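One letter stands for each residue in the lines below.
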Amino acid sequence: MKAFAAACEKIAATTKKLEKTAIVAELLTSLAPEDASAAAVFLSGRPFPVWEETTLQVGGTMLWRVVTEIAGKSDALVSATYRKYGDLGAAAAEILPRRNLSMDLAVSDVEKRFRAIAAARGPAAKRVLVRELLGQVSPVEAKYIIKIMTGDLRIGLKESLVEEAIAKAYGAALKEVQRANMLLGDIGQTLQYAREGGLSEARMKLFHSVGFMLASPVESAEEALSYFDPALVEHKYDGIRAQAHCSSSRGSGEQVKIFSRTRDDITDSFPELAEALAGLPKDAIIDGEILAWNYEAEGAGRALPFRVLAMRLGRKKVSEQLIRNVRVAYLAFDLVYMDGELLIDRPLSERGKMLSELLTAPREKRTRLRDQEQLAFDGADEVRAQIIRAPIYSAKSSEELDALFDTAQAEGNEGLMIKDPTSAYSPGKRGKSWLKLKRELATLDVVVTAVEYGHGKRAGVLSDYTFAVRDGERLVNIGKAYSGLTDVEIAEMTKWFLDHTIDDQGYRRLVEPKIVIEVAFNNMMESDRHESGYALRFPRIVRLRPDKLPEDADTVERAKEIYEGQKN
Ligand code: AMP
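To start, this report covers the structure provided alongside it. Because the structure is a prediction, the values reported are computed rather than measured.

So, the overall build of the protein chain
Link 1 in the chain: Along its length, the protein chain carries 20 helices and 21 strands.
Link 2 in the chain: Taking 24 Å as the expected radius of gyration for a compact globule of 568 residues, we find that the protein chain reaches 24 Å, a close match to that expectation.
Link 3 in the chain: Across the 568 residues in the protein chain, those meeting the buried criterion constitute 55%.
Link 4 in the chain: Put simply, the protein chain has 80 plus and 85 minus side-chain charges, and the middle of one group is 3 Å from the middle of the other.

Shown next as structure tokens:
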């Protein structure tokens, strides 16, 4: 781990990408195979590979306390040091005691410790293990261990650079490394394949989540058609993105797993969808949106607002009552994999056809879902969920698109998704093949960086949020808004912010930049009030975006686009 930390220091010290990748490549080849694999994962800023659902569940506050304890320093000093760096890892490196340590933990040992921490139940048990780990390493190692634990290395290294370094280290083609990493969702395993010269053997695996293809915003129907014409059009549903992995095998074992946009396994939150997806005639990975659904509406039913679905989110298990009260449907719009074949290079029109055929094909008789919550209560049949192929339309003119937009909104949907029928599926990429046309008002997805207590009846809760957009690796504040959330949401968020405070300034708290919210505003001004150089007029919080990670938040470039667009 000493060599790892030393390499990270060197990477942070240079801004040149080539130098960064060279340092990484050198580190990887100098390590034993299992350490190199673990290092590749750590260098991409996370304790575990992307596809895994494992999380440490160790908040900033716990790390803060452990560091304070080991350092034997006062809270005030730790706070001051933290403020100097704005990074707990860097602060720890300065205040932790410099001791002579006989032991050098291997990188793979640190990974094992992380796994033990993830497996430990409850904060007390986790804290003991965290303390033990941080107590056995040098300050600079602790710095990087903390950074990995909080999911942010901040050394100007993206996973794409780690891919480049792997290609360089093992003489592999970058394209092959990228493809294997996308298929496996595991940069450590990708490294292993590259080292053994077997990148072409990397295969997509059912039940390992794949990156989601993302959409770029457009301001108008004309703009959308300037990218491609004709367009394949779907409604933009206001639910949560979900990737369904369905196995056709009728033997024992898992049959269906559903992953969220953050690639968490959310199968148990939607047992009725897992049931409805079981027994497809072929193995498949389907992309779609989970919606709260009104089964009573005329015709094929229609979507209910996001706030209804919100009642079902963030729960590990759902009660029978909730399943009855908030009925859901899965609107499927893409097919990534079927029957052993990865379909991402085929055009959307073809994937779409295959999806329609798959969903209308006769089902195998349903077998029991092992390890998955059964809908085993009286009257379960009444709450079966539907798997619906999202209706597709085609548009050649902006008039046609505008008409479709109006119908979409009239049916309670957010707007339109406009897709290039010839396009491939690009996992994890935001390109111009999928465009989203939303409500006229501009919105930004931003990250909450600080919170304050409110006034009046909100005096006891943290209801005023300062939020930021991304600027490269950094977050820059762009505005502040009183929460437009419900009282229940504010109460829940208050608890979260109290648990994830990184600096308590009394009336105000800097918090871990993890919470993404969507803010709407009337217009934007240039201003030096916030670091981004912009300020929002009448900002209001539309909703929480638990389906998004901070890296999915909008950028300062996007803010600039909106600002320029509005000037014109
Ligand atoms: P946004 O969350 O505003 O960035 O918009 C992109 C999201 O829209 C996707 O991640 C999906 O969750 C959602 N969405 C809704 N309907 C569709 C659709 N027909 N095709 C693709 N994504 C959709």
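Having seen the structure, we can now continue with the description.
Comments concerning the site of the ligand
Link 1 in the chain: Around the ligand sit 15 residues, and of these Glu234, Tyr237, Glu289, Lys419 and Lys436 come closest.
Link 2 in the chain: In this structure, a nitrogen atom belonging to the ligand sits 2.9 Å away from a main-chain N or O atom of Tyr237.
Link 3 in the chain: Protein coverage of the free-state accessible area of the ligand, which is 490 Å², stands at 97%.
Link 4 in the chain: Elements that contribute at least two residues to the shell around the ligand include exactly strand E2 (231-236), strand E11 (415-419) and strand E12 (430-437).
Link 5 in the chain: Residue composition of the shell around the ligand, grouped by class: 4 nonpolar, 1 polar and 10 charged.

Section: the packing of aromatic side chains
Link 1 in the chain: Taken as a whole, this structure holds 8 aromatic pairs when the rule is applied.
Link 2 in the chain: Both rings, one in Phe4 and one in Phe42, keep their centres 6.0 Å apart while their planes meet at 90°; by these two values the pair is edge-to-face. Of this pair, Phe4 sits in helix H1 (residues 2-13) while Phe42 sits in helix H3 (residues 33-43); the two residues are 38 residues apart in sequence, bridging distant segments of the chain.
Link 3 in the chain: Accessibility expressed as a relative area gives 0% for Phe4, which makes it buried.
Link 4 in the chain: One aromatic cluster is present, formed by Phe4, Phe42 and Phe114 through successive ring pairs.
Link 5 in the chain: Its guanidinium or amino end placed over the ring of Tyr295, Arg327 lies 4.1 Å from that ring's centre, counting from NZ or CZ.
Link 6 in the chain: Over the ring of Phe306 we find Arg543; its NZ or CZ atom is 4.1 Å from the centre of that ring.

Let's talk about the sheet that holds E12
Link 1 in the chain: Strand order in the open sheet formed by 5 strands is E1-E12-E11-E2-E10, and the pairing between neighbours is mixed. This sheet does not close on itself; its edge strands, each paired only once, are strand E1 (214-217) and strand E10 (393-395). Averaged over all pairs of adjacent strands, the angle between their axes in this sheet comes to 45°, without regard to strand direction.
Link 2 in the chain: Note: E11 against E12, 4 bridges, orientation antiparallel. Counterpart to Met417 in the pairing with E12 is Lys436.
Link 3 in the chain: Sheet strands touched by helix H18 (residues 398-410): E2, E10, E11 and E12. Its angle to E11, the strand with the most contacts, is close to 135°.

With respect to unusual backbone geometry
Link 1 in the chain: Residue Pro230 follows Asp229 across a cis peptide bond; omega there is 5°.
Link 2 in the chain: In this fold, Pro230 is placed in the loop between helix H13 (221-227) and E2.
Link 3 in the chain: A positive phi angle is found at Arg263, which is not glycine, with a value near 65°.
Link 4 in the chain: Among the residues examined, Arg263 registers a relative accessible area of 14% and is labelled buried.

Considering H18
Link 1 in the chain: End to end, H18 covers 18 Å across 13 residues, agreeing with the expected 18 Å (1.5 Å per residue, within 8%).
Link 2 in the chain: Every buried residue of H18 is listed here: Ser398, Leu401, Leu404, Phe405 and Ala408. For H18, the arc enclosing every buried residue in end-on projection is 120°, short of the 170-degree limit, so these residues lie on one face. Opposite the packed face of H18, turned more than 90 degrees from it, sit the exposed residues Glu399, Asp406 and Ala410.
Link 3 in the chain: Looking one or two residues past H18, Gly412 carries a phi angle of roughly 85°, positive in sign.

Describing the pairing of E12
Link 1 in the chain: Bridging between E1 and E12 involves 3 bridges; their strand directions are parallel. Within E12, the position partnered with Ser216 by the bridge is Leu435.

What to know about the side chain of Arg389
Link 1 in the chain: Inspection of the secondary structure puts Arg389 in strand E9 (residues 386-389).
Link 2 in the chain: No salt bridge is formed by the buried Arg389. Its closest oppositely charged neighbour is Glu234, at 4.3 Å.
Link 3 in the chain: Here the side chain of Arg389 touches Gly352 through a polar contact of 3.2 Å, landing on its backbone oxygen.
Link 4 in the chain: Polar contacts involving the side chain of Arg389 include one to the side chain of Ser356, which spans 3.0 Å.
Link 5 in the chain: Beyond its immediate chain neighbours, meaning those up to four positions away, Arg389 contacts Glu234, Ala332, Phe333, Gly352, Leu355, Ser356 and Leu359.

A closer look at the packing of helix H7 (residues 107-119) against helix H8 (residues 122-135)
For any two helices packed against each other, the geometry comes down to the angle between their axes and how far apart the axes lie.
Link 1 in the chain: With their axes 8 Å apart at the nearest point, H7 and H8 run at an angle of 160° to one another. On the basis of their axis angle, the class for H7 and H8 is roughly antiparallel. Crossing of H7 over H8 shows left-handed handedness. Where H7 approaches H8, its residues Arg113, Phe114, Ala116, Ile117 and Ala118 are matched on the opposing element by Lys126, Leu129, Val130, Glu132 and Leu133.
Link 2 in the chain: For the contact of H7 with H8, the residue count by class is 7 nonpolar, no polar and 3 charged.

Observations regarding the pattern of salt bridges
Link 1 in the chain: Using the criterion set out here, one finds 39 salt bridges in the structure.
Link 2 in the chain: In this structure, Arg195 engages Glu196 in a salt bridge whose closest nitrogen and oxygen atoms are separated by 3.7 Å.
Link 3 in the chain: Among the residues examined, Arg195 registers a relative accessible area of 31% and is labelled partly exposed.
Link 4 in the chain: On the basis of relative accessible area, Glu196 is assigned to the exposed category, the value being 54%.

Conventions used here
- Residues numbered from 1 in each chain as written.
- Predicted model: local features only at pLDDT ≥ 70, side-chain atom pairs only at ≥ 80, totals over all residues.
- Heavy atoms only, no water.
- Helix = DSSP H or I, 4+ residues; strand = E, 2+ residues; numbered from the N terminus.
- Rg over C-alpha atoms; globule rule 2.2 N^0.38 Å.
- Buried < 20%, exposed > 50% of the residue type's maximum accessible area, 1.4 Å probe, protein only.
- Lys, Arg positive; Asp, Glu negative; His and termini not counted.
- Charge placed at Lys NZ, Arg CZ, Asp CG, Glu CD.
- Near = heavy atom within 4 Å.
- Polar contact = N/O pair within 3.5 Å; in protein donor to acceptor, adjacent residues only side chain to side chain.
- Areas by Shrake-Rupley, 256 points an atom, 1.4 Å probe, with all protein chains shown as cover.
- Nonpolar A, V, L, I, M, F, W, Y, C, P; charged D, E, K, R; others polar.
- Phe/Tyr/Trp six-rings, centres within 6.5 Å; stacked < 30°, edge-to-face > 60°.
- Lys NZ or Arg CZ within 6 Å of the ring centre and 35° of its normal.
- Pairing = 2+ DSSP bridges.
- Axes fitted to C-alpha atoms, helices over the stretch in contact; angles between N-to-C directions.
- Contact = heavy atoms within 4.5 Å.
- Expected span 1.5 Å × (residues − 1).
- Arc of directions from axis to C-beta.
- Salt bridge = Lys/Arg side-chain N within 4 Å of Asp/Glu carboxyl O.
- Parallel < 35°, antiparallel > 145°, perpendicular 65-115°, else oblique.
- Left-handed = near helix turned anticlockwise from the far one by under 90°.

Geometric values such as these leave the question of function open.
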